[in-house]
Each structure stands twice: as structure tokens, then as C-alpha cells.
Amino acid sequence: MLKVENLHVYYGGIHALKGISFEVPEGKIVTLIGANGAGKTTTLRAICGLVDAKGSIKLKGEELIGKPTHEIVQKGIAMVPEGRRVFPNLTVMENLLMGAYYRNDNSIEKDLEWIFNLFPRLQERKWQKAGTLSGGEQQMLALGRALMGRPQLLMMDEPSLGLAPLLVREVFKVIKKINEEGKTILLIEQNARAALKIAHYGYVLETGRIVMEGPGEELLNDDRVRRVYLGEA
Amino acid sequence: MGIVDLFQQLANGLSLGSLYALIAIGYTMVYGIIRLINFAHGDVMMVGCYLAYFGVLMFRLPWQISWILAVLLTSLLGVSIYIGAYKPLRRAPRISALITAIGVSFFLESLGLVIFGGRPKAFPRPPAFDIGLNIGGVYLVSFTLWIPLITAILLVGLVYLIYKTKIGMAMRSVATDIETTSLMGVDVDKVISFTFAIGSALAAAGGIMWAIKFPQINPYMGIMPGLKAFIAAVFGGIGNIFGAMLGGFLLGMIEILVVAFMPSIAGYRDAIAFGILIVVLLFKPTGLLGEPLKEKV
């Protein structure tokens, strides 16, 4: 579904991505893992058109590089940004409607029901300002908001960041469930173990390069990955 | 001073305050959405006045049609200013945009001077606005009541637009987080353009009514009302539309009452307005309704 080839990003004088290539097949969960500063977030930002990039990013064969962010999103890519970034002064309901902003079909109501089914907490709080939600609820809202765009590809940047361990488990359960309902997911995580456990395929990013790849299970059992990213001896 | 005089002055304060409020909203909306003080805003108001003037006196349009056309054309001017001058600088340091705004202001004033000429023109006051009224001993000209009435209608419409419509929701989300709004598939530039259109339309409406109240127009007429409305916006809490309304009405009221009750210092009315700004900035830098600056989470 998504095919990234030889992607380069320069930040000022820094060569943040040094020609990475990877693929996200339809219906799968793919994860990029790596340390802070490896280029994970930059990769997602490049796909969304939030940073200038060179190379090729194709969604179902259509080149995305050079297109403005809102057009890329309208083609079916949704992102749950790092730190959630819900609109704090908008209500929960309005946040979800923002996710569906560019749609003008008439099944928005139905999708709202689906989101409220997925996250009953959001329904209880739908008239509350999003800024008053807890971290976990905001993460659910950010995810729900992204899903309201009916994306073909859902990208998530560190969904477990800053959440209590119990909530982390819940978030990953939801991600898995959404995938089982047919969504293609590109997941970025520092919590490599949790990510690799649910991912069909993983890539390891190190200072702007992909140094290793393989099925999630395989990477989980790889000695080097275990030592460097899973903190095992 | 008797109770009748007090009512007289309150009515005057209300109509002046209405005008400040209408113009202040343009400052506060643009600031709220792209953190820019649009110093050209007062001059946009001036252009609105001239458009209404020419509509009536040159094209012989009925005043209602002429005013509406002037408001629409002024909102187009606002959008053109955004697209031509500010949009290319959206990612530039804020000071560049600020200097550009001052440049746009000079540009509009000079253009006005070239096209309209420097000699003040008498703005035609429609008869409905020029009726002398005696309400229980309070003598008013009918525009003193029309101005707050029209202002109230416009403000109710604005609040509805911002809080009850889809584009209003997008305006509020752009104001908190431009990047994330674009991740919702929203063309942020369209939303900002729309904001400029609304702000400029309100400035034109305020300007036309300003010219009804003070019926002499010239290319520099926007400077003082623009600055005062800017003060009103800061006074109320810049970025907050209710703050701009409150600040506008309070500033208008204070100005009129000071002049009425202390005629000896009436000549300092502008100094008093700026004094208020300084005091507010000293004690409450975020203004009356401004929220304390929060870090973005």
C-alpha cells in the first residue's frame, strides 16, 4: 500500500534520513523502531508532507512527495501525532468531527458510533473540552480522531509515550483490534517490545538508516535487537 | 451633571465602544490564528469607508447596496493582503511579518492618497441615521442607536459562526495548532483567508459606521481608530473575541465618560487610552479575558 524508496531528509545542515526504503503492505502492522533521534518521527513527518523530503513515497502507486499535507491526508493517510495533539479548547465531539472535516459523505454519524463503541469513555465525555481529559483518554481521542478520516493507512507516532503501563497495554490492544478490522498501520515506537509483539513486520532505524528488518517475531528474538533495543543482556 | 446627561453620555460611549469592538475583533482574530498584529487593519477600515462613499456618490447606488458591496469588497481586500503579503511569510520569523504589516499599512495609506486624494470628503449620512430623537429629555441622533444595534447583530452572527459552524470549528482549531489542523486534511490557508475576510468585513462595517458618526473621511482616518481598537483588543485579552468586544465597549465608555466628567482633560483622551494600555500591560499582560500563556503539551 505504502512504498517508500530512498527517502532523504535534511534539517538545516543535518542529514536526518539517509536514503531509507521500506514498505507497508495492505492490512498489516509495520513498525519502525529505534532510539531517540534515529529518524522515526522524521520519517512519518516526511510521509505527511510536514517536512521537505527527497526520494519517493507512493501510496497505491501515487507519488506523494511535493504535495501539501492536507492533500496527502485526503488521499487516505491519517496520523496520530507524537504527544497526541488533541485540540484542547474543542470538545471531544468537535475533535472527532475535525478528523472527518474533509469528508462529505453521510456516514459520519455511523463512524462516530463506531468510535464511541471502540472507546466508551469518549462517549461519556463527548461534550467535555478535550484539554480536560486524562493522558490515556487523550490518546484514545487522538486515535479516534484519526480514524474518523476513514484512512487507508493509519500512522501512529509513539502512542504509548507518557502512559501508565496498564494503559500502554490497552492502547496496543486497541491497535491490534483496529488492524484486525482491516486497517493498515504504520507504528513508531520506543517501546520496541510491545511494538514488535503486534507488528507483522519491523524495521530498525539507526541514525537515519535502516540497519535491520524482518518479521516482528524474528526481530524480537534477534540477539542484537534484544541487546540494544529490548535492554536484555 | 444630571441623570439625563449621564444617559446621553452612556449612549455616546456605547456607540463609540461598538465601533472599537468591531474593529478590535479583526485584530484579535488574526492574532489568535497566526500570531500577527495586523497593523494594516485600520487602513483596511479606511478603504471600506471610501468604497461605501464612492458607491453612493459616484455609482449612485442606494446606500444599503453600497454598504454591503463595500463590506464584501473589503473582505476581498483582506484576503488579498493575506495571500500577497503574509502567507509567504507564514514560516518566517514573526518580526518579518510584523514589519510587513506596517509596510502594508503605509502602502494602503499612500495608495489612498493617490487614488482618493488628500482632501477630506464628507461622508453621506443616510436620512434614517440622521433623525433627531428626544427620549425622555435625552437628545440623540438616531445613528447613536443604530450603531450599537447593527454591532450587536454582527457580533451575534460572528459568535454563531465561530462556535456553531464547521468553518468556525476549523478556525478555532487552527488557532490552537496549525500543523495538527493540516493533519486533519484541512487546507489551513483557506481557513486563514476566511478569517481575514471576516475580520476585514467587520472593519469595513465598523469604518462605515465610524464615518456615519464622524462624517469626514480621509486616507489617514484609519490610523487612530485602528490604534484604539488595537488597544481595546489588548485590553480585553488579545486572541479572545469576547475580550475584544469587552475591551472595545469599555474603552469607548471610558473615553466618553472621561471627556464628559472631566472636560478640563478632554484633550488628553488619546493619551488616556494609551495610558490604559500601559497600565493593563503592567498588571495583567494577557488582558482582562486573556488566558495565561500555556505551554503546548
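Residues numbered from 1 in each chain as written. Chains lettered and ligands numbered in written order. Predicted model: local features only at pLDDT ≥ 70, side-chain atom pairs only at ≥ 80, totals over all residues. Heavy atoms only, no water.

Chemist: Could you clarify how one ought to interpret the overall build of chain B in this entry?
Modeler: Counting secondary structure elements, chain B contains eleven helices and four strands. Compactness check: chain B gives a C-alpha radius of gyration of 19 Å against a globular reference of 19 Å for 297 residues, within 12% of the reference. Projecting the C-alpha coordinates of chain B onto the three principal axes gives extents of approximately 60 × 50 × 35 Å. Here chain B holds 297 residues, and the buried ones make up 52% of them. Taking as baseline every contact in chain B between residues at least 6 positions apart, the subset at least 24 positions apart corresponds to 76%. For chain B, the accessible surface area stands at approximately 13400 Å², while carbon and sulfur atoms represent 72% of it. (Helix = DSSP H or I, 4+ residues; strand = E, 2+ residues; numbered from the N terminus. Rg over C-alpha atoms; globule rule 2.2 N^0.38 Å. Buried < 20%, exposed > 50% of the residue type's maximum accessible area, 1.4 Å probe, protein only. Contact = heavy atoms within 4.5 Å. Areas by Shrake-Rupley, 256 points an atom, 1.4 Å probe, with all protein chains shown as cover.)

Chemist: Whenever I open this one, the interface of chain B and chain A confuses me. Can you help?
Modeler: Contacts between the two partners involve 19 residues from chain B and, on the opposite side, 22 residues from chain A. The junction of chain B with chain A conceals about 2000 Å² of combined surface from both sides, 61% of it contributed by carbon and sulfur atoms. Of all residues in chain B, the largest losses of buried area upon contact with chain A belong to Met169, Leu183 and Met184 of chain B, amounting jointly to 34% of the total for that side. Scanning the region where chain B abuts chain A turns up four salt bridges. Between Glu179 of chain B and Arg85 of chain A there is a salt bridge whose closest N-O contact spans 3.4 Å. Scanning the region where chain B abuts chain A turns up seven residue pairs in polar contact (both at pLDDT 80 or more). Mapped onto the side of chain B that touches chain A, the elements with two or more residues apiece are α6 (166–176) and α7 (178–182) of chain B. Counting residues per element, the side of chain B that touches chain A draws most heavily on α6 of chain B, which supplies seven residues. Grouping the amino acids of the side of chain B that touches chain A by side-chain chemistry returns eight nonpolar, six polar and five charged. (Buried area = accessible area lost by both parts, 1.4 Å probe. Salt bridge = Lys/Arg side-chain N within 4 Å of Asp/Glu carboxyl O. Polar contact = N/O pair within 3.5 Å; in protein donor to acceptor, adjacent residues only side chain to side chain. Nonpolar A, V, L, I, M, F, W, Y, C, P; charged D, E, K, R; others polar.)

Chemist: Which parts of the structure should I look at to understand the sheet that holds strand β9 (residues 201–206) of chain A?
Modeler: The strands making up a sheet associate through hydrogen bonds between their backbones, and the pairing can be parallel or antiparallel. All names here are of chain A. Read from one edge of the open sheet, six strands run β6-β7-β8-β3-β9-β10, paired in mixed fashion. Each having just a single partner strand, β6 (77–80) and β10 (209–215) make up the two edges of the open sheet. Averaged over all pairs of adjacent strands, the angle between their axes in this sheet comes to 15°, without regard to strand direction. The pairing of β6 with strand β7 (residues 153–157) spans four bridges and is classified as parallel. From the neighbouring strand, Val80 faces β7, where its bridge partner is Met156. Across the sheet, helix α6 (residues 135–147) is in contact with β6 and β7; its angle to β6 comes to roughly 170°. In the packing of helix α7 (residues 165–180) onto the sheet, contacts are made with β3 (29–34), β7 and β8 (184–189), and the angle to β8 comes to roughly 155°. (Pairing = 2+ DSSP bridges. Axes fitted to C-alpha atoms, helices over the stretch in contact; angles between N-to-C directions.)

Chemist: How do you make sense of the environment of Thr28 of chain B when you look at a structure like this?
Modeler: All names here are of chain B. Tracing the backbone shows Thr28 in helix α1 (residues 3–34). For Thr28, the residues in contact, after removing those within four places along its chain, are Ala233, Gly237, Ile238, Gly239, Asn240, Ile241 and Ala244. Here the side chain of Thr28 touches Gly239 through a polar contact of 2.7 Å, landing on its backbone nitrogen.

Chemist: I keep staring at the pattern of salt bridges and nothing clicks. Help me out?
Modeler: One pass over the structure, following the stated rule, counts 19 salt bridges over all chains. Between Arg121 of chain A and Glu124 of chain A there is a salt bridge, with the nearest N and O atoms lying 3.9 Å from each other. Placement of both Arg121 of chain A and Glu124 of chain A in helix α5 (residues 120–124) is noted, with a separation of three residues, approximately one turn of the helix. On the basis of relative accessibility, which here comes to 42%, the residue Arg121 of chain A falls in the partly exposed class. Residues participating in the shared-partner salt-bridge network are Arg45 and Arg85 of chain A together with Asp177 and Glu179 of chain B.

Chemist: For this particular structure, what's the right way to read the packing of α1 of chain B against helix α8 (residues 188–213) of chain B?
Modeler: Each pair of packed helices can be summarised by the angle the axes make with each other and by the distance between the axes. All names here are of chain B. It is at 9 Å that the axes of α1 and α8 come closest, and there the two elements cross at 160°. One finds that α1 runs roughly antiparallel with respect to α8. Both α1 and α8 take part in a crossing whose hand is left-handed. Residues Asn12, Ser15, Leu16, Leu19, Tyr20, Leu22, Ile25, Gly26, Met29, Val30, Ile33 and Ile34 of α1 touch α8, and the partners they reach there are Val191, Ile192, Thr195, Phe196, Ile198, Gly199, Leu202, Ala205, Gly206, Met209, Trp210 and Lys213. Partitioned by chemical class, the residues of the contact of α1 with α8 number 17 nonpolar, six polar and one charged. (Parallel < 35°, antiparallel > 145°, perpendicular 65-115°, else oblique. Left-handed = near helix turned anticlockwise from the far one by under 90°.)

Chemist: Would you take a moment to explain the nonpolar core for this structure?
Modeler: Among soluble globular proteins, nonpolar side chains are generally buried collectively. Counting residues in each nonpolar core, the largest one holds 117 residues, and the members touching the most others are Leu2, Ile47 and Leu186 of chain A together with Tyr86 of chain B. If one sorts the elements of this core by residue count, α1 of chain B sits on top with 13 residues. Once residues lying within four places of it in the same chain are set aside, the contact partners of Tyr86 of chain B are Leu36, Asn38, Ala40, Ile81, Ala97, Thr100, Ala101, Val104 and Phe196 of chain B. Counting residues in hydrophobic clusters, the runner-up holds 49 residues, among them Leu112, Ala146, Ile185 and Ala199 of chain A. (Core = buried A, V, L, I, M, F, W, Y, C linked by side-chain atoms within 4.5 Å.)

Chemist: In this structure, what is going on with helix α3 (residues 92–99) of chain A? I would like to understand it.
Modeler: Burial analysis of α3 of chain A places seven of its eight residues in the buried class, which makes it a mostly covered element. Where α3 of chain A is buried, its residues touch α4 (108–118), α5 and α6 of chain A together with α5 (143–164), α6 and α7 of chain B.

Chemist: Looking at this structure, I do not really get the confidence of the model for chain B. What am I missing?
Modeler: Low-confidence regions, as indicated by low pLDDT, have predicted coordinates that should not be scrutinised in detail. Residues and elements named next belong to chain B. Residues of chain B with pLDDT of at least 70 account for 98%, and the chain-wide mean is 92. Per-element averaging of pLDDT across chain B places helix α11 (residues 269–283) at the bottom with 86 and helix α3 (residues 63–86) at the top with 97. Both scores are given for the predicted complex: the pTM is 0.92, the ipTM 0.93. (pLDDT = per-residue confidence, 0-100.)

Chemist: I tried to follow the sheet that holds strand β2 (residues 14–24) of chain A on my own but got confused; where do I start?
Modeler: Residue and element names in this part refer to chain A. With respect to topology, four strands assemble into an open sheet ordered β2-β1-β4-β5, the strand pairing being antiparallel. Edge strands, defined here as strands with exactly one partner in the open sheet, are β2 and β5 (62–63). Bridge analysis of strand β1 (residues 2–11) against β2 gives eight bridges, and the strand direction is antiparallel. From the neighbouring strand, Leu7 faces β2, where its bridge partner is Ile20.

Chemist: Help me understand the side chain of Thr69 of chain A, please; the structure alone is not making it clear to me.
Modeler: Residue position: Thr69 of chain A is located in helix α2 (residues 69–74). Of note is the side chain of Thr69 of chain A, whose polar atom sits 3.3 Å from the backbone oxygen of Gly49 of chain A. Excluding anything up to four places from it in sequence, Thr69 of chain A contacts Cys48, Gly49 and Leu50 of chain A together with Ser182 and Leu183 of chain B.

Chemist: What am I meant to see in a nonpolar patch on the surface here?
Modeler: Residues Ile65, Ile68, Leu69, Leu72, Leu73 and Leu76 of chain B make up a contiguous nonpolar surface patch of about 560 Å² in total accessible area. Structurally, Leu76 of chain B can be placed in helix α3. (Patch = residues over 30% accessible without salt bridge, like charges linked within 9 Å, V, L, I, M, F, W, Y side chains within 5 Å.)

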